[in-house]
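Each chain, letter by letter, is given below.
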Amino acid sequence: MDLDILLMTPGPVQLDSEVLLAGARPLRHHRTNDFAPLYSECVSLLKKFFKTNKRLLLTTSSGTGAMETAIANHFHPGEKILSVETGAFGERFTQIAHAFKLNPIPLKYPWGHRAKVEDIAKELDKNPDIKGVTVTFNETSTGVRNDLESIGKFLKNKDVLFITDGVSGIGALPFEMDAWNLDVAISASQKGFLAPPGVGMIALSERAIAKLQAVDCSAYYFNLKHYIKNQDLPIPSYPWTPAISVMFSLHEALKKIERVGIEKIFAHYHNLAEALRTSVKALGLSIFTQPDAVSDVLTVINTPPGIHPKQIVKEVHDSYGVLLAGGQDHLAEKVFRIATIGAIGEREMIGTIGLLELALKKLGYLKDLGVGTTALLKSFSQQ
Ligand SMILES: Cc1ncc(COP(=O)(O)O)c(C=O)c1O
């Protein structure tokens, strides 16, 4: 049977049909009042979900474009930033900082561990000329959720911009841009916001705006001065042609999140993640991420000895039409990842674990079927 592929990946995530169909609407021109209210409503709904009453701008890009926008607009060449690396996406900020001729100081953690406030404090003591700190909110390569609230408390009143990559975290996990003292928070449409890829998001505190006004940005397309000017026009818009169809889908998805209630969605993802973690352990598998750092966005699972993660991903995909994610970088040989965000529920999770069990049996790891699924069912019945 030629089935649609179920995406159990941490982005893009599984989307529902209303959101996908919204993208098929006839286009509206982005410089007219046919489009502007939709643009403005997306911005105001996103501000609610970022928990900010500051400026929020949209880019036409994936998350990396929004990360690049944050770096390109906020620092002069040669300025020092502290780049907290808890995995591949933390490292990406360091690479982007190099590309824009900044002087990034990497603060590296063993993969699977979360960042600690005391280490950030030490680095700031050693380097009083640091002008910004970048931290990944939810590190998708390692399954680590960083404690932005504690870091933000520490950074409050310090003369550094606090920047987060919230690409896989915002919309999926409780997040409070203003209360946690963030200056720049970026995200993208294809993960927690349950829409197709193509829209980047960047929210800015007043001091982030003041700094960008002082920086001679070396990017053109991503120069936020254009974005601010265009958002303030009588017909607010992007500076360039936006991904209009993706915006239609994003609008539909944001209205849905609001209708359901974002807190309920967080609780739903938490229940899925708890059940998944329980069933993984019941299967005799272990979780890669340190227990104090696990996230409800995805679970990173150590592959049993003698089996390559690619074999599991391939078997579940080719035989059953479910896509899991392999490991990134040096974890490519060691782990596979299952997402618990997206337009998914108990139905998809039970299917996924059942099919994973079949795959693990075929690959010679499991003798008896049903242990993981039973644990999952028990966990759901107790929630
Ligand atoms: C935490 C995080 N940051 C950044 C990115 C990069 O986003 P994109 O692939 O949308 O450019 C991702 C994508 O997986 C991510 O999970």
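Bear in mind that the values here come from a model prediction, so they are computed numbers and not experimental data.

About the thresholds
- Residues numbered from 1 in each chain as written.
- Predicted model: local features only at pLDDT ≥ 70, side-chain atom pairs only at ≥ 80, totals over all residues.
- Heavy atoms only, no water.
- Near = heavy atom within 4 Å.
- Polar contact = N/O pair within 3.5 Å; in protein donor to acceptor, adjacent residues only side chain to side chain.
- Areas by Shrake-Rupley, 256 points an atom, 1.4 Å probe, with all protein chains shown as cover.
- Helix = DSSP H or I, 4+ residues; strand = E, 2+ residues; numbered from the N terminus.
- Nonpolar A, V, L, I, M, F, W, Y, C, P; charged D, E, K, R; others polar.
- Buried < 20%, exposed > 50% of the residue type's maximum accessible area, 1.4 Å probe, protein only.
- Contact = heavy atoms within 4.5 Å.
- Domains from an automatic or database assignment.
- Buried area = accessible area lost by both parts, 1.4 Å probe.
- Salt bridge = Lys/Arg side-chain N within 4 Å of Asp/Glu carboxyl O.

This next bit is on the site of the ligand. Near the ligand, the surroundings consist of 14 residues, among which S62, T64, T140, D165 and K191 are the closest. Between the ligand and G63 there is a distance of 2.7 Å, counted from an oxygen atom to a backbone nitrogen or oxygen. The side chain of T64 places a nitrogen or oxygen atom 2.6 Å from an oxygen atom of the ligand. Here the ligand has 390 Å² of accessible area as a free molecule, and 87% of this is covered by the chains. Listing elements by their share of the shell around the ligand, those giving two or more residues are α3 (63–74) and α4 (88–99). At three residues, α3 tops the list of elements feeding residues into the shell around the ligand. Among the residues forming the shell around the ligand, the class breakdown is three nonpolar, eight polar and three charged.

Relative to the elements of secondary structure, S295 occurs in the loop between α10 (262–282) and β11 (298–302). In this structure S295 comes out as buried when scored by relative accessible area, which is 1%. In terms of polar contacts, S295 uses its side chain to reach the backbone amide nitrogen of V297, at 2.9 Å. Ignoring anything within four residues of it in the chain, the contact list for S295 reads N138, G143, R145, L173 and R277.

This part covers the domain arrangement of the chain. Many structure descriptions define interface size as the accessible area lost when the parts assemble. Each assigned domain of the chain is listed with its residue range as follows: domain 1 (6–11 + 262–382) and domain 2 (17–258). Each partner contributes residues to the interface: domain 1 has 26 residues there, and domain 2 has 26 residues. Roughly 2100 Å² is buried in total at the junction of domain 1 and domain 2, and carbon and sulfur atoms are behind 63% of that figure. Looking only at domain 1, the three residues that lose the most surface to domain 2 are I262, F266 and Q328, adding up to 23% of its buried area. On the surface where domain 1 and domain 2 come into contact, there are one salt bridge. For the salt bridge of E263 with K51, the shortest nitrogen-to-oxygen distance reads 3.6 Å.

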